[in-house]
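The residues making up each chain are set out below.
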Amino acid sequence: TEMQNSWDVVVIGAGVAGGLAALDCARRGLSVLLVEKRSFPRWKVCGCCFNANAQAALSSVGLSDLIRDQGGVQLDQLRLGWNGSMLNLALPGGWALSRERFDQALVSAAEAAGARLRFQTGAVLEEICSGERMVRLRPSDGAAVERVRARVVLVAAGLQHQVLATIDASSTRIAGSSRLGAGCLIDDDDDVYASGAIHMAVARHGYVGLVRREDGALNLAAAFDPAALRSAGGAARAARAVISEAGFAVPRALETSRWQLTSALTRHADAFAGQRFLLLGDASGYVEPFTGEGMAWALAAGAAVAPFAEEAQRQWSRDLEQRWHQRLKLLTVNRQRLCRLLSTLLRQPLATDAMFRLGGHWPSLPQRVISSLNQVSPHALPSDPCR
């Protein structure tokens, strides 16, 4: 069937932020087109952990059972390793679920709610025309380019998106000290890394998180200094060095597994909105996460944006843009500060040694930090931000 030309909402990017936003907008009766450049289901270089704040965002839009229904594994422990020292901490309200299952469940729910899906299709913003934003769609199969109209475009296209038009002033600033992300999946029968726990190996030049997924595969998500990645000769060897230095067992299939890299992780968009578009998820900014915070930031934004999209159907204003900016700061930017501080401290060997020594004597201190990272933000609860 021929696709309609005009939409209330076009969502670019079907990850956790875009998928949840599309679902919530469609449930509210808006016509929604969800565009994704890749095909689903797909694996991502990303941890597969969801903390209590992520679960709260899902619950706020009626999806409190989604992770459980998809076979998610409950996480109750965080095991930190540094220079042979170990800290075992409680991890309240955590879950592990593969991105293949989670993201597919979100977009399937969005489609069931009435959203139209377009996979393997790139999207770029074009000009404003009669109070609507033009969006150019380019299918990856070589089919003809299409142009559609949207009352509002939600840009959830990830870290390294190239979606905005030249007329849009928003740009992204990458931190000079930013690390690169890396990840792989290992299918093994080892029982060293049991399910129910996040294992975090920390070293001076990076860290590696290991968690067992619902399908039994071991998911590795890492962040490395670019220089360390180059000197090690690749992500697999860099991961081996970090895991060994931390004192964890090196998975047998580590260096034979297929690794993928991301662009620089730590970045910040200088504007979260513009002419009939709103940024959300990783497209608005990111810092190195530790126990599922990245997923929580994206889900919180995805759960909060639908009222703004509804308001945009009536009128667009600079005030709406400013309120979305403030809302996103509360949901993500302010919560990223603790991760940014931890990332800075963990690059200092003396400070990290001190943290582990203190944690060994007074476990309540690191436990308090982990509880803060996983604390449910009051801003993630249902509210009416547009009034």
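Residues numbered from 1 in each chain as written. Predicted model: local features only at pLDDT ≥ 70, side-chain atom pairs only at ≥ 80, totals over all residues. Heavy atoms only, no water.

**Focus: the overall build of the chain**
This is how it is decided: Secondary structure elements follow DSSP: runs of H or I no shorter than four residues count as helices, runs of E no shorter than two count as strands, and numbering proceeds from the N terminus. In this scheme, a residue with accessible area under 20% of its type's maximum is buried, one over 50% is exposed, and one in between is partly exposed, where area comes from a 1.4 Å probe on protein chains only. Contact criterion: two residues are considered in contact whenever any of their non-hydrogen atoms come within 4.5 Å of each other.
Counting its secondary structure elements, the chain contains eleven helices and 19 strands. The dimensions of the chain, computed from C-alpha atoms along their principal axes, are 65 × 45 × 40 Å. Looking at the chain as a whole, 56% of its 387 residues are labelled buried. Taking all contacts inside the chain whose residues are at least 6 apart in sequence as the whole, residues at least 24 apart take part in 71%.

**Thoughts on the sheet that holds strand S12 (residues 197–203)**
Stated precisely, the cut-off is as follows: Here, any two strands with at least 2 DSSP bridges between them count as paired. Between the N-to-C directions of two axes lies an angle of 0 to 180 degrees, each axis being a line fitted to C-alpha atoms and, for a helix, fitted only over the stretch in contact.
Pairing in this open sheet of eight strands is mixed, and the strands run S3-S5-S4-S12-S13-S14-S11-S15 from one edge to the other. At either margin of the open sheet sits one strand with a lone partner, and together these are strand S3 (49–50) and strand S15 (260–264). Against the sheet, helix H10 (residues 349–361) makes contact with strand S4 (73–82) and strand S5 (85–96), and its axis sits at roughly 120 degrees relative to S4, the strand it touches most.

**Brief notes about the sheet that holds strand S19 (residues 285–286)**
Pairing is antiparallel across the open sheet formed by three strands, whose spatial order is S10-S16-S19. If you trace the sheet from one side to the other, it starts and ends with strand S10 (172–174) and S19, each paired once. Pairing of strand S16 (residues 267–269) with S19, which is carried by two bridges, proceeds in the antiparallel orientation. Bridging from a neighbouring strand, His268 pairs with Gly285 of S19.

**Considerations on the pattern of salt bridges**
What counts, and what does not: Each reported salt bridge corresponds to a side-chain nitrogen of Lys or Arg within 4 Å of a carboxyl oxygen of Asp or Glu.
This structure, assessed with the given rule, holds 19 salt bridges. The closest approach of N and O atoms between Asp103 and Arg99, which form a salt bridge, is 2.9 Å. Here Asp103 and its partner Arg99 are both found in helix H4 (residues 99–112), four residues apart, which amounts to about one turn of the helix. Residue Asp103 is classed as buried on the basis of its relative accessible area, which comes to 0%. The class for Arg99 is buried, based on a relative accessible area of 6%. In this structure, Arg118 and Glu146 form a salt bridge, with 2.9 Å as the shortest nitrogen-oxygen distance. Of this pair, Arg118 sits in strand S6 (residues 116–118) while Glu146 is found in strand S9 (residues 146–155), placing the two residues 28 residues apart along the sequence. Overlapping salt bridges, with partners in common, bring together Glu126, Glu127, Arg136 and Arg147 in one network.

**A few points about the confidence of the model for the chain**
Formally: A residue's pLDDT is the confidence the predictor assigns to it, expressed on a 0 to 100 scale.
Considering every residue of the chain, the mean pLDDT works out to 88; 95% of them sit at 70 or more. Of all helices and strands in the chain, the one with the weakest mean pLDDT is S10 (75), whereas strand S2 (residues 32–35) scores best (98).

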